[in-house]
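Working through the structure, step by step
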Amino acid sequence: GAVVSQHPSWVICKSGTSVKIECRSLDFQATTMFWYRQFPKQSLMLMATSNEGSKATYEQGVEKDKFLINHASLTLSTLTVTSAHPEDSSFYICSASIGGSNQPQHFGDGTRLSIL
Amino acid sequence: QKEVEQNSGPLSVPEGAIASLNCTYSDRGSQSFFWYRQYSGKSPELIMFIYSNGDKEDGRFTAQLNKASQYVSLLIRDSQPSDSATYLCAVNIVLTYDKVIFGPGTSLSVIP
């Protein structure tokens, strides 16, 4: 149980392109979904927390107009990287929880984004 | 002081030994503590979570929590080469809103 599917797993695209990443909880309803990015040999950096039906809460320093998050249902959240540039290249990982930060998070497999 | 701290390692133990991974946190209001394992190039996977002071055992893994000392640890008994990974400690931080902070991770290498 507690399977989270993240798609796509790998994206290469040109600078200026917008990229959408989907995160789905397959066998449970996720009250809260989290989006992280991770640079090589560094730890996870929380970008934003999203609750179904409400606006995402972004961490300090994360541009909400650049990283658009939509959590339209209890099983789906999307992250759109708008007008991506090479510095946005990273490993993006979503996770889902049934009950917020006091419950375990279940992670998707991550999306490796490379902007040329 | 960083919110969640871990020794970065690498920690090397021989196969069959006990690996001990430590984590300290700064928020005395934290109530939930998690250990995740992350293999290189992969996303984290949940190993254990603990909410109460004391020990919690699950197979070869034991989580230990001491809220007074703001300390949580993970013991891995009978370490196997397949346990070689980075171990992430995560703590919920109750500030203006709930969120989970991950430590920098400890790299564990189990030597056959």
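Here we take up the side chain of serine 43 of chain B. Examined against the element boundaries, serine 43 of chain B turns out to sit in the loop between β4 (33-38) and β5 (45-50). For serine 43 of chain B, a relative accessible area of 12% gives the class buried.

In a disulfide, the sulfur atoms of two cysteines are held together by a covalent bond. Residue and element names in this part refer to chain A. By the definition in use, this model includes two disulfides over all chains. With its sulfur 2.0 Å from that of its partner, cysteine 23 forms a disulfide with cysteine 94. Across the S-S bond of cysteine 23 and cysteine 94 the torsion is about 80 degrees, and the bridge reads as right-handed. On the criterion of sequence distance, the pair formed by cysteine 23 in strand β3 (residues 19-25) and cysteine 94 in strand β9 (residues 90-97) is long-range, its members being 71 residues apart. Each member of the pair cysteine 23 and cysteine 94 is classed as buried. You can see cysteine 13 has no disulfide; the closest cysteine sulfur is in cysteine 94, sitting 18 Å from it.

Let us look at the packing of aromatic side chains. Enumeration over the complete set of coordinates arrives at eleven aromatic pairs over all chains. The interplanar angle of 75 degrees and the centroid separation of 6.0 Å between the aromatic rings of phenylalanine 107 of chain A and phenylalanine 102 of chain B together place this pair among those described as edge-to-face. Of the two residues, phenylalanine 107 of chain A is situated in strand β10 (residues 106-107) and phenylalanine 102 of chain B in strand β10 (residues 98-102); the pairing between them involves two chains. Judged on exposure class, the residue phenylalanine 107 of chain A and its partner phenylalanine 102 of chain B are both buried. Seen in terms of ring centroids, phenylalanine 49 of chain B and tyrosine 51 of chain B are 5.3 Å apart; in terms of plane orientation they differ by 40 degrees. Their pairing is tilted. Given a relative accessible area of 27%, phenylalanine 49 of chain B falls into the partly exposed group.

Sheet strands associate in pairs through backbone hydrogen bonding, adopting either a parallel or an antiparallel arrangement. Residue and element names in this part refer to chain A. What the four strands build is an open sheet, ordered β1-β3-β8-β7; its pairing is antiparallel. In the strand order of this sheet, the two ends are held by β1 (4-7) and β7 (67-73), each with one partner. Strand after strand, the sheet turns through a mean of 15 degrees between neighbouring axes, direction not considered. For β3 and strand β8 (residues 76-81), the ladder comprises six bridges, and the chain directions are antiparallel. In the strand pairing of β8, valine 19 is matched with valine 81.

So, about the layout of surface pockets. Reported here for the largest pocket is a volume of approximately 570 Å³. Along the walls of the largest pocket sit 25 residues, with Gln38, Pro40, Lys41 and Gln42 of chain A together with Ser40 of chain B positioned nearest its centre. Elements supplying a minimum of two residues to the lining of the largest pocket: β9 and β11 (111-115) of chain A together with β9 (85-94) and β11 (106-111) of chain B. Here the residues of the lining of the largest pocket are counted per class, giving nine nonpolar, 13 polar and three charged. By volume, the second largest pocket is sized at about 320 Å³. Leu44 of chain A together with Glu3, Val4, Ile101 and Phe102 of chain B are the residues nearest the centre of the second largest pocket, which is lined by 17 residues in total. In terms of residue count, the dominant contributor to the lining of the second largest pocket is β10 of chain B (four residues). Here the residues of the lining of the second largest pocket sort into ten nonpolar, three polar and four charged.

Listed by partner, the interface residues are 20 residues for chain B and 21 residues for chain A. Interface of chain B and chain A: buried area, both sides summed, is about 1,500 Å²; carbon and sulfur atoms make up 54% of it. At the surface where chain B touches chain A, the tally comes to one salt bridge. Here lysine 99 of chain B and glutamate 59 of chain A are joined by a salt bridge, their closest N and O atoms 2.7 Å apart. Mapped onto the side of chain B that touches chain A, the elements with two or more residues apiece are β4, β5, β9 and β10 of chain B. Considering each element in turn, the side of chain B that touches chain A owes the most residues, four residues, to β10 of chain B. Within the side of chain B that touches chain A, the residues separate by chemical class into eleven nonpolar, six polar and three charged.

The rules behind the values
Residues numbered from 1 in each chain as written. Chains lettered and ligands numbered in written order. Predicted model: local features only at pLDDT ≥ 70, side-chain atom pairs only at ≥ 80, totals over all residues. Heavy atoms only, no water. Helix = DSSP H or I, 4+ residues; strand = E, 2+ residues; numbered from the N terminus. Buried < 20%, exposed > 50% of the residue type's maximum accessible area, 1.4 Å probe, protein only. Disulfide = S-S within 2.5 Å. Phe/Tyr/Trp six-rings, centres within 6.5 Å; stacked < 30°, edge-to-face > 60°. Pairing = 2+ DSSP bridges. Axes fitted to C-alpha atoms, helices over the stretch in contact; angles between N-to-C directions. 1 Å grid on protein atoms, 1.4 Å probe; cavity = no way out; pocket = protein on both sides within 12 Å on 5 of 7 lines; lining within 4 Å. Points joined across faces, edges and corners; volume = space filled by probe spheres on them. Nonpolar A, V, L, I, M, F, W, Y, C, P; charged D, E, K, R; others polar. Contact = heavy atoms within 4.5 Å. Buried area = accessible area lost by both parts, 1.4 Å probe. Salt bridge = Lys/Arg side-chain N within 4 Å of Asp/Glu carboxyl O.

On their own, these measurements won't tell you what the molecule is for.
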